[in-house]
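So you can see what is in the structure, the chains are spelled out below.
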Number of protein chains: 2
Amino acid sequence: MAKRVTISDLAKELNTTTSTISRALRNHPSISISMRKKVSELAKQRNYQVNSMAANLRSGKSMTIGVIVPHINRDFFANVISGIEEVAKKEGYSVVICQTKDKIEKEKKCIETFLRTRVDGVLVSVGLETDTFDHLDQVKKMNVPLIFFDRVQESSNSMSIVNDDVEGSFQGVSHLLDEGYKRIAIFAGPEHINIYRNRKQGYLNALDKRGIKIDKKLIVFNNLSYDAGVESIKELMKLQNPPDAIFSSSDYCAVGALHWLKTNGYKIPEDIGIVGYSNEKFTSFISPSLTSIDQHSLEMGRYSAKTFFDLIKSDKKDIILNSLSINPKLIIRESSKRKRI
Amino acid sequence: MAKRVTISDLAKELNTTTSTISRALRNHPSISISMRKKVSELAKQRNYQVNSMAANLRSGKSMTIGVIVPHINRDFFANVISGIEEVAKKEGYSVVICQTKDKIEKEKKCIETFLRTRVDGVLVSVGLETDTFDHLDQVKKMNVPLIFFDRVQESSNSMSIVNDDVEGSFQGVSHLLDEGYKRIAIFAGPEHINIYRNRKQGYLNALDKRGIKIDKKLIVFNNLSYDAGVESIKELMKLQNPPDAIFSSSDYCAVGALHWLKTNGYKIPEDIGIVGYSNEKFTSFISPSLTSIDQHSLEMGRYSAKTFFDLIKSDKKDIILNSLSINPKLIIRESSKRKRI
DNA sequence: ACAAATTATGCAAACGATTGTTTGAATATT
DNA sequence: AATATTCAAACAATCGTTTGCATAATTTGT
């Protein structure tokens with residue numbers, strides 16, 4: 001392994017010390033302008049690059065933030081990551097990514113790694129399985145800033161950047177009602193995850209507001225996958241009084257239902273209306289295109305990162321208050337646009 | 001910032017030295033079993049966690065690999081990353097991700113960061129803009145293993161993990177011919193990117209093999225975006241002798257064309273057949289579902305990482321030979337299944 | 001012109017591990 | 001009993017920076 005140029009190589013060559021070089025490179029005011037120029041020129045010439053490992057060890061900061069998501073390859077998370085990376089890069093930070101595939105074991109492993117590598121902060125969206133939080137408490141105990149986005153640990157008093165999911169599904173369901181649908185079913189997710197519980201709540205609220213009685217048969221809990229959508233719609237359509245619209249807490253699950261309905265002769269949106277959640281990219285590609293709820297994922301990522309930087313720059317007094325709830329946006333497409341009856 | 005427990009805290013408590021602790025924790029054979037047990041117990045009790053910054057500085061390895069992709073939120077890349085992360089994690093390595101959005105400037109920034117943070121290796125898929133390679137040469141000059149995947153720098157003698165894109169598009173186009181399509185157009189991408197050049201080549205080969213004359217009007221260069229697909233198909237259909245099938249080097253571009261065709265009254269696959277490339281998730285969701293070419297992205301990620309680990313474990317003599325070309329797989333869906341004429 | 005303030009640089013101790021080289025004790029060999 | 005071999009642990013240097021403090025050189029104030 002070829003030796004890389006170090007700060008002391010440069011120091012020798014300029015007949016000065018490492019401290020001067022170090023300061024010069026970082027534009028420390030106590031170094032004369034002329035010296036700074038000499039140093040930075042030599043550095044460029046010798047192709048010097050700071051050894052972050054050393055710098056970080058000494059300064060106690062890793063200039064790295066760890067991000068934990070269930071799935072990298074979901075538009076929503078990919079966009080959040082994108083947003084995080086964007087602002088992190090601007091601040092000179094790197095982003096390390098860890099994927100849990102919704103497994104709590106993997107989530108724990110991620111945390112361990114992050115703690116070992118001394119990331120300066122952890123941004124996390126917890127997995128479906130996650131119903132115990134020792135691993136996350138660890139992070140706080142170690143005094144590492146912990147920020148939740150989207151799927152949060154509610155028992156924690158950490159900051160969190162979330163959508164107003166109640167509002168989102170309220171809008172989605174209200175829209176279906178506006179379009180004249182009468183019996184709206186919901187694909188609901190695990191109750192212990194805030195976002196799914198909230199989405200169900202929004203559904204309930206919307207029906208409630210119009211004085212529509214809740215029919216428990218129309219509330220279907222599943223794991224929100226494509227396959228689950230297929231299975232659930234099958235069951236629903238067997239009811240003697242089947243729904244005329246589906247509000248799904250996930251786009252994937254919605255598409256499963258949509259496909260089953262199409263191949264079984266139902267017309268969408270004429271016979272059945274569908275609204276999904278998350279505004280995945282494919283929602284605009286499929287046919288009929290799927291009405292969905294956009295979560296401003298990129299913004300959420302940006303804001304999560306921004307919150308982290310605000311936090312570490314602050315005097316850690318005004319910690320608690322800048323949690324944020326972002327308003328989601330209903331994107332109306334074909335799957336729910338029925339002519340009014 | 002609360003002080004974390006260090007190796008020397010443990011040493012003091014056990015009346016021994018840091019070297020013994022360090023070795024004990026790593027199960028070094030020259031430490032007695034009893035000692036190892038004592039140490040690991042205390043470590044657990046005190047909740048000790050190795051400070052990777054220090055360990056890495058001393059050992060000269062960052063236990064980190066840097067991955068550069070154009071877009072995180074493309075199924076293909078997300079899956080590759082997934083594969084990389086999977087095997088990296090198994091080897092105790094972290095994955096740092098950098099997104100270039102196809103901009104060469106961002107690509108350069110990524111490389112700089114990676115060099116500073118002393119990643120142990122760089123896995124990269126170059127951006128559309130990338131036509132100069134100084135920044136990548138830098139990596140090799142610094143003796144950091146560099147491995148290309150999918151979009152490679154061909155002038156380099158670095159290892160690369162790619163698809164056999166010539167074969168992939170050969171199959172795609174041959175399939176269209178088998179289905180009875182006669183005038184097949186291609187959406188081709190930038191010629192300086194290996195994959196797009198190869199995909200075009202496969203197209204040419206397939207036509208050639210059947211003795212079909214190439215019509216230059218049917219070869220359309222664009223940036224392969226959705227919008228480009230819309231624009232290009234518009235132009236193509238204005239020809240006095242328009243195509244009856246499209247082979248697109250990208251799924252996104254294919255969908256753009258597909259939508260335009262649908263909304264303009266063309267029947268797919270009856271009037272026009274379409275084949276895309278990459279097997280993005282949405283290809284199976286859209287209607288008609290899109291025939292595409294699967295690139296075994298997850299495998300590609302795994303293999304890229306595996307190649308890296310093989311490399312650093314070897315004596316660096318058998319470096320050159322394990323580049324790999326993975327055979328893509330044609331996934332036939334509705335958009336190209338025309339009844340034979 | 002002399003003490004005081006300012007500016008620029010050097011010194012040396014960290015940061016927290018890893019690792020090559022002793023050392024000392026215990027065990028084996030002859 | 002004297003020497004050689006093993007085993008386990010200690011010593012000390014090192015990785016490449018950053019940073020508080022001391023110092024030398026220069027400028028300023030009066």
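Residues numbered from 1 in each chain as written. Chains lettered and ligands numbered in written order. Predicted model: local features only at pLDDT ≥ 70, side-chain atom pairs only at ≥ 80, totals over all residues. Heavy atoms only, no water.

## What about the protein's contact with DNA strand C?
Surrounding DNA strand C, one finds 27 residues, the nearest of these being Thr16 of chain A together with Ile7, Ser22, Tyr48 and Arg58 of chain B. Here, DNA strand C places atoms within 4 Å of the protein, and 55% of those atoms are sugar or phosphate. Ser19 of chain A is positioned with one of its side-chain polar atoms (N or O) 3.0 Å from a base nitrogen of DNA strand C. Interatomic distance of 2.3 Å between a side-chain N/O atom of Arg58 of chain B and a base oxygen of DNA strand C. Those elements giving two or more residues to the surface near DNA strand C turn out to be α2 (18-25) and α4 (52-59) of chain A together with α2 (18-25) and α4 (52-59) of chain B. Here the residues of the surface near DNA strand C are counted per class, giving 10 nonpolar, 12 polar and 5 charged. (Near = heavy atom within 4 Å. Polar contact = N/O pair within 3.5 Å; in protein donor to acceptor, adjacent residues only side chain to side chain. Helix = DSSP H or I, 4+ residues; strand = E, 2+ residues; numbered from the N terminus. Nonpolar A, V, L, I, M, F, W, Y, C, P; charged D, E, K, R; others polar.)

## A word on the pairing of strand β6 (residues 184-188) of chain B
All names here are of chain B. Counting buried positions along β6 gives 5 out of 5 residues, so the element sits mostly inside the fold. Of the two faces of β6, the one lined by Ile184, Ile186 and Ala188 and the one lined by Ala185 and Phe187 are each fully buried. The sheet contact formed by β6 and strand β8 (residues 245-248) spans 4 bridges and is parallel. What sits directly across from Ala185, in β8, is Ile246. Where β6 lies against strand β7 (residues 219-221), 3 bridges are found, and the strand directions are parallel. Bridge pairing in β7 places Ala188 opposite Phe221. One crossover worth recording links β6 to the parallel β7 by way of helix α9 (residues 194-209), and it is right-handed. (Buried < 20%, exposed > 50% of the residue type's maximum accessible area, 1.4 Å probe, protein only. Pairing = 2+ DSSP bridges. Right-handed = clockwise from strand over helix to strand, strands pointing away.)

## Details of the relation of the copies chain B and chain A
Structural alignment of chain B on chain A gives an RMSD of 0.0 Å, achieved by rotating through 180° and translating 0.0 Å along the axis. Interpreted geometrically, this transformation is the action of a two-fold axis. The C-alpha atom lying nearest the rotation axis in chain B is that of Ile286 of chain B; the distance is 1.9 Å. Both copies contact each other with a shared surface, as 100% of the interface residues of chain B are interface residues in chain A too. (Least-squares fit on C-alpha atoms with pLDDT ≥ 70 in both. Contact = heavy atoms within 4.5 Å.)

Everything listed here is a matter of coordinates, which is why it stays silent on function.
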